[in-house]
Amino acid sequence: MGEKMEKTCTLLVYFDKGTPALANEIKEALEGNDVQAKIDAMKKAIMLLLNGETIPQLFITIVRYVLPSPDHTIQKLLLLYLEIIDKTDPQGKVLPEMILICQNLRNNLQHPNEYIRGVALRFLCRLNEAEIFEPLIPSVLQNLEHRHPFVRRNAILAVMSIYKLPQGEQLLGDAPETIEKVLSTEQDPSAKRNAFLMLFTCAQEKAIGYLFDHIDRISDWGEQLQMVVLELITKVCRTNRGEKGKYIKIILSLLTAPSTAVVYECAGTLVSLSSAPTAIRAAANTYCQLLLSQSDNNVKLIVLERISELKTSHREIMVEMIMDVLRALSSPNLDIRRKTIEISLELITTRNVDEVVLLLKKEVVKTQSAEHEKNGEYRQLLVQAIHFCAIKFPEVASTVVIVLMDFLGDSNVSSAMDVVVFVREIIETNPKLRVSIMTRLLDTFYQIRAARVCSCALWIIGEYCLLLSEVESGISTINQCLGDLPFFTVTEEGESQDALKNSKPVSSVTVSSRRPVILADGTYATQSAASESVTSPTALVQESLASQGNLRSLLLSGDFFLGAVIASTLTKLILRLEEVQPSKIEVNKATAQVLLVLVSMLQLGQSSFLPHPIDNDSYDRIVLCIRILCNTGDESRKIWLQSCRQSFVKMLADKQFRETEERKAKAQVSHAQPDDLIDFYHLKSRKGMSQLELEDEVQDDLKRATGEFTKDNDDANKLNRILQLTGFSDPVYAEAYVTVHHYDIVLDVTVINRTKETLQNLCLELATMGDLKLVERPQNYTLAPESSKQIRANIKVSSTETGVIFGNIVYETSNVLERNVVVLNDIHIDIMDYISPATCADVAFRTMWAEFEWENKVAVNTVIQDEKEFLNHIIRSTNMKCLTPPSALEGECGFLAANLYAKSVFGEDALVNVSVEKQTDGKLSGYIRIRSKTQGIALSLGDKITLKQKGGA
């Protein structure tokens, strides 16, 4: 079976086909005496050749007018031209005119200028024709002893290229011995590297011999040579695992090399070759040193990626290195800090948790003083990390919770929210800390400026103030933050209405945002239209809202959801006061005060004082609280004082259960075969083995015993991914096996000639639709009768989008001159290959949902009649993870809403919200909304859901 090989080419030059140069113009310029015109003409000729044009008439012109030119640029362009042109006829024989090239090359190899010699030698490395090399070999060998290193290093590469040819051993039989002699005397680092590379490639035993002869001087070799040594070690150890020990010693000695590139490669080679604790520890130390010594953020992120891989396979060793890894937090880059914290949180144990928490605590304090634009986000990361430590190891909670409570009034609402959620969880899981947390919370409550943080803090006060002093302190704190009652007076209402009308231009800026602003005196406050209207516009400039109670400011800005939370908290505190306060008079006094507050809030909500009246939900909630306080029954008391806490405890238990299940699912379980050999460490022969070699062998035995060396046999899975491209009756049968990698798709196409004739110039022509790009140009093949051929095509993927690959097979037969075409079936690239289930916090999900601009709304249309079954079907079809906890999906209410999340290999987020309702006829109706940052993922997921949702049972 013959085959036409595609020409090799080392050039890629942009060429605008809109303005093609004419061969006659090029010819005239080459025949002239103007050097610059010749250079331009040569460049045009090279561009035309690169783009598939053939200009045979130029060859003789170039030989006559360009070969003799002394100009270096012209000589370099000449070599590029000679590299591209066809040097053989269709039968594979060298063209006779190539003898002219040989003469010119010989002259260049003996040229007095070292640049011309070096460029000519480099050109020889790109030739494959033995007939051209033959007369040049003596000149190439002479250049091995040239005085200039540029010539010598290229001469060594030329010798290697000649020796690697199919007839190389006949042309240069003693090449390895010659290069070995050169290597022993050579002083130039690049030439030494090339010589060693030649021995490594062509005579591995000689390279190994040279390495062990000079083992003491390896650390003094240049960076390039050390890199080749590491390549050699990797190759040898993979083919001969028994000799790993002596090579690992060489790698360990190279860990002290001055070059960071060598040190990084050493660490990677150590990890890939050995599992011995000593070797892994050395590699981990190296990575930690690189993390501190390198200033480039990209390098740091790559090193952190390597550390993350080590953490998965050698966690016990990495646990010891946790404090070294955490030193990377000194970098100001937020991505590096995030990655460092992620890695460290998985390495925390009871032994190191105190140290880690202490360091995180110091970092939190630093964020207060240091001026940095992303301090708020970094503080949020640290709070979440400390939260994780305190939940996993409750004993450390006492050391951090009080420090973190200083940040409840943080201007970064997300960070303050994380702190209050952390406090809420700790106060439940650590009963011993309840008193100190409550005291601190009541002391710092007035500093909280965000409504969401206030709501959560109020819930904590309502649930965990148990003692008489705490209950009384809770009520008085809330009253102080609400300020004097009423919230407005009737006489002021008219004035304020006028003030509101007059100051519309002033207040219009602040109505739009409820975020804390920094006032002239440096304090934080929440400005709003309502609070401005209490005072005149001129007074507002001088008066700081920080002097008002935080709850009052928020209520006057129209936040009545917070008003409902205040009402619930005060109601719980009064119900508890009835249990702990023996004096009925005091209870009645406190109840009357709280009722006055609740009525004042209702009055404020229904007045025309605020631009928007109170919403119905908040109104109903406050009215319910008033009814409870006027007439308390035992059942309602139980609901208010016990049921809320029980629901919270249940939620925490559910969360903990889910996390435990996820950890179990992540844990890799290795299986050993029943008849596998198991070695016993203490019975091993130790003769002539260093500690490292012994450790390495034991680790290999352990891996073998635990099944880590066995690979899953996925032949059955492969069969599922084979796609038939043509019919069985077609003259050419083709089928493809599709392999989807992260950034490319590989098509292994099997083509079978079903006819009794030879098919010539058979070509697989492919085209793509969507964000897919073909990497290679199609090649032509010759297929013998009833024979087959494997053709591989690479396709680059640039985004998560459903793409289509289509094409045809074109061929010629011997008796018919016309070309035949067989059209192929389309190959659809599924979005499911690019997205994988992922998790994110509810807050992050909501933030992304608000930010992402692309939304695809798909109406529910299915034969499935059960809401949960439909949700599970969507999860299976879209390869996403359900973020809504199972407890929230329990029960039968005829309605279901759930959030799904996935991440693509390109780092894109895919958010899905499923809302379905059961109709009276039993059918499901509703919508599935998909949101993403890019249009492609939203549309592709929508198409997938539309296609799959009907299925079911």
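Calculation rules
Residues numbered from 1 in each chain as written. Predicted model: local features only at pLDDT ≥ 70, side-chain atom pairs only at ≥ 80, totals over all residues. Heavy atoms only, no water. Helix = DSSP H or I, 4+ residues; strand = E, 2+ residues; numbered from the N terminus. Buried < 20%, exposed > 50% of the residue type's maximum accessible area, 1.4 Å probe, protein only. Contact = heavy atoms within 4.5 Å. Areas by Shrake-Rupley, 256 points an atom, 1.4 Å probe, with all protein chains shown as cover. Salt bridge = Lys/Arg side-chain N within 4 Å of Asp/Glu carboxyl O. Pairing = 2+ DSSP bridges. Axes fitted to C-alpha atoms, helices over the stretch in contact; angles between N-to-C directions. Polar contact = N/O pair within 3.5 Å; in protein donor to acceptor, adjacent residues only side chain to side chain. Parallel < 35°, antiparallel > 145°, perpendicular 65-115°, else oblique. Left-handed = near helix turned anticlockwise from the far one by under 90°. Phe/Tyr/Trp six-rings, centres within 6.5 Å; stacked < 30°, edge-to-face > 60°. Lys NZ or Arg CZ within 6 Å of the ring centre and 35° of its normal. Nonpolar A, V, L, I, M, F, W, Y, C, P; charged D, E, K, R; others polar. Core = buried A, V, L, I, M, F, W, Y, C linked by side-chain atoms within 4.5 Å. pLDDT = per-residue confidence, 0-100. Arc of directions from axis to C-beta.

Participant: Mind showing me how you'd approach the overall build of the chain here?
Facilitator: Counting secondary structure elements, the chain contains 42 helices and 18 strands. Buried positions account for 47% of the 953 residues belonging to the chain. Long-range contacts, defined as pairs at least 24 residues apart, comprise 67% of the intrachain contacts of the chain with a sequence gap of at least 6. Accessible surface computed for the chain: about 49,000 Å², of which carbon and sulfur atoms make up 51%.

Participant: Is there a simple way to think about the pattern of salt bridges in this case?
Facilitator: Pairing is possible between side chains that carry opposite charge, provided their charged atoms lie close to one another. Counted under the stated rule, the structure contains 23 salt bridges. Ionic pairing is found between Lys903 and Asp909, a salt bridge with its closest N-O pair at 2.9 Å. Since its relative accessible area comes to 34%, Lys903 is described here as partly exposed.

Participant: Sorry if this is basic, but what is going on with the sheet that holds strand S5 (residues 744-753) here?
Facilitator: Where strands meet in a sheet, backbone hydrogen bonds hold them as pairs that are either parallel or antiparallel. Strand order in the open sheet formed by 5 strands is S3-S4-S5-S9-S7, with antiparallel pairing between adjacent strands. Edge positions in the open sheet fall to strand S3 (722-724) and strand S7 (772-774), since each of these has one partner strand only. Between one strand axis and the next, the sheet turns through 30° on average, direction left out of account. Pairing analysis gives 3 bridges linking S3 to strand S4 (residues 732-740), with the strands arranged antiparallel. Note that in S4 the partner of Leu723 across the bridge is Ala736.

Participant: Mind showing me how you'd approach the side chain of Thr750 here?
Facilitator: Among the secondary structure elements, Thr750 is positioned in strand S5. Polar contacts involving the side chain of Thr750 include one to the side chain of Gln790, which spans 3.2 Å. Residue contacts for Thr750: discarding those within four places in its chain leaves Tyr733, Ala734, Glu735, Lys789 and Gln790.

Participant: Would you mind showing me how to read the packing of helix H14 (residues 223-239) against helix H15 (residues 244-254) here?
Facilitator: Contact geometry of H14 with H15 gives a least axis separation of 10 Å together with a crossing angle of 155°. Classified by the angle their axes make, H14 and H15 are roughly antiparallel. Where H14 crosses over H15, the handedness of that crossing is left-handed. Along the contact surface, H14 presents Gln226, Leu230, Ile233, Val236 and Cys237, while H15 presents Lys244, Tyr247, Ile250, Ile251 and Leu254.

Participant: Looking at this structure, I do not really get the environment of Ile280. What am I missing?
Facilitator: Position of Ile280 relative to the elements: it lies in helix H17 (residues 277-293). With sequence-adjacent residues up to four places away left out, Ile280 is seen in contact with Val271, Ser274, Ser275, Leu310, His314 and Ile317.

Participant: Which parts of the structure should I look at to understand unusual backbone geometry?
Facilitator: Most peptide bonds are trans, and most residues other than glycine sit at a negative phi. Look at Asn761: it is not a glycine, yet its phi comes out positive at around 50°. In this fold, Asn761 is placed in strand S6 (residues 759-769). The exposure class assigned to Asn761 is partly exposed, which follows from its relative accessible area of 28%. Within the chain, Asn879 stands out as a residue other than glycine whose phi angle is a positive 60°. Within the element layout of this structure, Asn879 appears in the loop between helix H41 (867-878) and strand S15 (881-882).

Participant: So what exactly am I meant to see when it comes to the environment of Tyr811 here?
Facilitator: Position of Tyr811 relative to the elements: it lies in strand S10 (residues 803-813). The sequence separation of Tyr811 and Cys763 amounts to 48 residues, and the corresponding C-alpha distance is 6.3 Å. When neighbours within four sequence positions are excluded, Tyr811 is seen to be in contact with Pro731, Val732, Leu759, Gln760, Asn761, Leu762, Arg819, Asn820 and Val822.

Participant: Honestly, the packing of aromatic side chains in this entry has me stumped. Any pointers?
Facilitator: Under the criterion given, the structure shown has 9 aromatic pairs. An aromatic cluster is defined as three or more aromatic residues linked by ring pairs; in this entry it consists of Phe196, Tyr210 and Trp221. Sitting above the plane of the Tyr378 ring, Arg337 keeps its charged end 3.8 Å from the centroid. For the cation-ring pair, Lys857 lies above Tyr927, with the distance from its terminal atom to the ring centre recorded as 4.5 Å.

Participant: It is not clear to me how the packing of helix H13 (residues 204-213) against H14 should be interpreted in this structure. Could you clarify?
Facilitator: At a closest axis distance of 11 Å, the pairing of H13 and H14 adopts a crossing angle of 120°. Comparing the axis directions of H13 and H14 gives the class oblique. Crossing of H13 against H14: the hand is left-handed. Across from Gln204, Ala207, Ile208 and Leu211 in H13, the residues of H14 making contact are Val229, Leu232, Lys235 and Val236. Its residues placed into classes, the contact of H13 with H14 shows 6 nonpolar, 1 polar and 1 charged.

Participant: Sorry if this is basic, but what is going on with the pairing of S6 here?
Facilitator: Working note: regular strand, side chains alternate between the two faces of the sheet. One ladder, built from 3 bridges, connects S6 with strand S8 (residues 780-783); its direction is antiparallel. Within the sheet, the bridge partner assigned to Leu759 lies in S8 and is Leu783. Across 9 bridges, S6 lies against S10 in antiparallel orientation. Bridging from a neighbouring strand, Cys763 pairs with Val810 of S10.

Participant: Is there a simple way to think about the nonpolar core in this case?
Facilitator: Most often, soluble globular proteins keep nonpolar side chains buried together rather than apart. Judged by nonpolar contacts, the single largest core of 212 residues is most densely connected at Tyr81, Leu124, Leu551 and Ile566. The element that contributes the greatest number of residues to this core is helix H34 (residues 560-580), accounting for 10 residues. Setting aside its immediate chain neighbours within four residues, Leu551 contacts Phe445, Cys454, Leu458, Ile478, Cys481, Leu482, Leu562 and Ile566. Residues Val732, Val738, Leu783 and Ile829 belong to the second largest nonpolar core, which totals 28 residues.

Participant: Whenever I open this one, the environment of Leu762 confuses me. Can you help?
Facilitator: When you line up the elements, Leu762 lands in strand S6. Between the C-alpha atom of Leu762 and that of Val821, which follows or precedes it by 59 residues, the distance is 9.7 Å. Apart from the residues lying within four places of it in its own chain, the contact partners of Leu762 are Val732, Val751, Gln779, Asn780, Tyr781, Leu783, Ile791, Ile809, Val810 and Tyr811.

Participant: Hey, could you run me through the confidence of the model for the chain in this one?
Facilitator: A low pLDDT means the predicted coordinates there should not be read in detail. For the chain, mean pLDDT is 78; residues scoring 70 or higher make up 83% of the total. Long-range and interchain partners of residues 1-6, a stretch whose pLDDT sits below 50, account for 14 contacts in this model, where long-range means more than four residues apart. Within the model, the stretch residues 707-714 combines pLDDT values under 50 with 9 contacts to residues more than four positions away or in other chains.

Participant: Is there a simple way to think about helix H24 (residues 397-404) in this case?
Facilitator: Within an α-helix, residues lying three or four positions from one another point in the same direction, as the helix has 3.6 residues per turn. Along H24, the positions that sit buried rather than exposed are Ala397, Val400, Val401 and Leu404. Viewed end-on, H24 has its buried residues packed into an arc of 105°, placing them on one side of the element. Those residues of H24 hidden inside the fold are in contact with helix H22 (353-369), helix H23 (375-392), helix H25 (413-429) and helix H26 (434-444).

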